[in-house]
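# Understanding the architecture of this molecule
The lines below spell out each chain.
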Amino acid sequence: MEMQNEHEDLIIGRNAVSEAVRSGRTIDSLLVAKGERGGSIGAIISKCREKGIVIKEVDRRKLDSLCGGENHQGVAARASVHEYSSIDDILENARSKGEAPFVIVCDEIEDPHNLGAIIRTADACGAHGVIIPKRRGVSLTYAVGKVSAGAIEYVPVARVSNLSAALDELKEKGFWIYAADMDGTRWDEQDYSGSVALVVGSEGRGVGRLVKEKCDFIVSLPMKGKINSLNASVAAGILMYEVARKR
């Protein structure tokens, strides 16, 4: 029987995890208690490796608390609430609407409320998809789906191993890449025509150095208050609507 704690999107125990992986369910990551390799766990790990699923070793006590006291037998899997798309799916979404593609790229967004809000706003302003990294950053969890208020069903989300490589792929396809960061051009003085990718940085660090090097433009919002940063999803929302307005 599959035990799923919806708030943590967890599938708990060896049989349940094994079945979920075998059935082709979208699994974000496999959580394995440190030092556990015996019995069927080895087989589960190798199956996950084959499928490119992220494997995380966690302290047994942490796994106990995540599983809320369920008997996890040293293993749990975090499932996603929606299938992932590919970059090609996102571009096809734009083509089918006869529009120049507009994509949001999230560089290590860690708060599910921010990612959910970004997906919701992407849907509202007519963006064609969202790209997130496979590691470091929140995935399509139950909380993200809830905050997106259903938008997760309509906005394709692609999950890539390497954001810099994904930006190179977009550039080859004729995209202009805009990073939201400090000390750039004013947000309302940019052109935003053609194929646009808007990169939004993480809550604490902003856009990473390697990713920023791939960007063609840096766009900034004016800061008139006492703190010098906006919440990631609020900044993304303002910029998304400016792109939509200019197009």
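The numbering scheme is per chain: residues are counted from 1 as the chain's sequence reads. A pLDDT threshold of at least 70 governs which residues receive local features in this predicted model, and a stricter bar of 80 or more applies before side-chain atom pairs are shown or counted, although totals over entire chains, interfaces and linings include all residues. As a rule here, side-chain values come from all non-hydrogen atoms in the structure, and water together with hydrogens is ignored.

### Section: the side chain of Ser195
- Secondary structure counts use DSSP, requiring at least four H or I residues in a row for a helix and at least two E residues in a row for a strand, with both numbered from the N terminus. Looking at where Ser195 falls in the secondary structure, it is placed in strand β10 (residues 195–200).
- Working rule for contacts: check all heavy atoms of both residues, and any pair within 4.5 Å makes them a contact. Residues contacting Ser195, with those up to four places away along its chain left out, are Ala100, Pro101, Gly174, Phe175 and Trp176.

### Structural notes on helix α9 (residues 232–246)
- Multiplying 1.5 Å by the helix residue count minus one yields the expected span of that helix. In this model, α9 (15 residues) spans 21 Å end to end at C-alpha, consistent with the 21 Å of a helix rising 1.5 Å per residue.
- Taken as a whole, α9 has its buried residues at Ala232, Ser233, Ala235, Ala236, Gly237, Leu239, Met240, Glu242 and Val243.
- Tucked into the core, α9 has its buried residues touching β6 (102–106), α5 (112–125), β9 (175–186), β10 and β11 (217–220). Throughout this description, buried means an accessible area under 20% of the type-specific maximum (1.4 Å probe, protein chains only), exposed means over 50%, and partly exposed covers the range between.

### Some remarks on the environment of Pro222
- Turning to its location among the elements, Pro222 is positioned in the loop between β11 and α9.
- On the basis of relative accessibility, which here comes to 42%, the residue Pro222 falls in the partly exposed class.
- Sequence-wise, Pro222 and Ala16 are 206 residues apart; in three dimensions their C-alpha atoms are separated by 50 Å.

### Structural notes on a nonpolar patch on the surface
- Taken together, the side chains of Met182, Met223, Leu230, Val234 and Ile238 define a hydrophobic patch exposed on the protein surface, amounting to about 380 Å² of accessible area.
- The class of Val234 is partly exposed, set by a relative accessible area of 41%. Patch construction takes residues with relative accessible area above 30% that form no salt bridge. Like charges are linked within 9 Å, and nonpolar side chains (Val, Leu, Ile, Met, Phe, Trp, Tyr) are linked within 5 Å. All accessibility values rest on the Shrake-Rupley procedure with a 1.4 Å probe; residue burial counts only the protein chains present in the view. The salt bridge criterion pairs a side-chain nitrogen of Lys or Arg with a carboxyl oxygen of Asp or Glu, the two atoms within 4 Å.

### Regarding α5
- Between the first and last C-alpha of α5 there are 20 Å, a value that for 14 residues agrees with the 20 Å anticipated at 1.5 Å per step.
- For α5, the complete set of buried residues consists of Asn114, Leu115, Gly116, Ile118, Ile119, Thr121, Ala122 and Cys125.
- Buried positions along α5 lie against β6, β7 (129–133), α6 (142–147), β8 (157–160) and α9.
- The definition of a polar contact used here is a pair of N or O atoms within 3.5 Å, where within protein one atom must be able to donate a hydrogen and the other to accept one, and adjacent residues in sequence count solely through side-chain atom pairs. The backbone nitrogen of His113 lies 2.7 Å from a side-chain oxygen of the residue at the head of α5, namely Asp111.
- Downstream of α5 by one or two residues, Gly126 has phi in the positive range, about 85 degrees.

### A few points about the environment of Ser29
- Looking at the secondary structure, you find Ser29 in strand β3 (residues 27–33).
- Placed 21 residues apart in sequence, Ser29 and Glu50 show a C-alpha to C-alpha distance of 13 Å.
- Excluding anything up to four places from it in sequence, Ser29 contacts Ile53, Val54, Lys56, Ala76, Ala77 and Arg78.

### Observations concerning the pairing of β7
- Of all five residues that make up β7, five are buried, and the element is covered over most of its length.
- Of the two faces of β7, the one carrying Gly129, Ile131 and Pro133 and the one carrying Val130 and Ile132 are both buried.
- At this point the chain moves from β6, through α5, to the parallel β7, and the crossover so formed is right-handed.
- At least two DSSP bridges between two strands are required for those strands to pair. With four bridges connecting them, β7 and β8 associate as parallel partners. Following the sheet pairing, Val130 is matched in β8 by Val157. Handedness is read with the strands pointing away from the viewer; a crossover is right-handed when the path from the first strand over the helix to the second is clockwise.

### Some points on the confidence of the model for the protein
- With 95% of its residues at a pLDDT of 70 or more, the protein has an overall mean of 89.
- Each residue gets a pLDDT score, which is the predictor's confidence in that residue and runs from 0 to 100. Here residues 1–7 scores under 50 on pLDDT; set against residues more than four positions off or in separate chains, the count is 17 contacts.

### Some details on the sheet that holds β9
- Strand order in this open sheet of six strands is β8-β7-β6-β10-β9-β11, and the pairing throughout is parallel. Unpaired on one side and paired on the other, β8 and β11 mark the two borders of the sheet. If you compare each strand with its neighbour and ignore which way they point, the axes differ by 30 degrees on average.
- By the bridge criterion, five bridges tie β6 to β10 in an arrangement that is parallel. Bridged to Phe102 within β10 is Val196.
- In the packing of α5 onto the sheet, contacts are made with β6, β7 and β8, and the angle to β6 comes to roughly 175 degrees.
- Sitting on the sheet, helix α7 (residues 163–172) touches β6, β7, β8, β9 and β10, and the angle it makes with β9 is about 120 degrees. Lines fitted to C-alpha atoms define the axes here, with helix axes fitted over just the stretch in contact, and angles between the N-to-C directions of these axes take values from 0 to 180 degrees.

### Quick word on the packing of aromatic side chains
- Pairing of aromatic side chains requires ring centres within 6.5 Å, counting the rings of Phe and Tyr and the six-membered ring of Trp. Pairs whose planes differ by under 30 degrees are stacked, by over 60 edge-to-face, and all others tilted. In the structure shown here, the tally under the stated rule is three aromatic pairs.
- Centroid distance Tyr178 to Tyr192: 5.0 Å. Interplanar angle 45 degrees. Geometry classified as tilted. One end of the pair, Tyr178, is in strand β9; the other, Tyr192, is in the loop between β9 and β10, and 14 residues separate them in sequence.
- A ring pair is formed by Tyr178 and Phe217, whose centres lie 4.9 Å apart and whose planes are at 20 degrees; its orientation type is stacked. Of the two residues, Tyr178 sits in strand β9 while Phe217 sits in strand β11, which places them 39 residues apart along the sequence.

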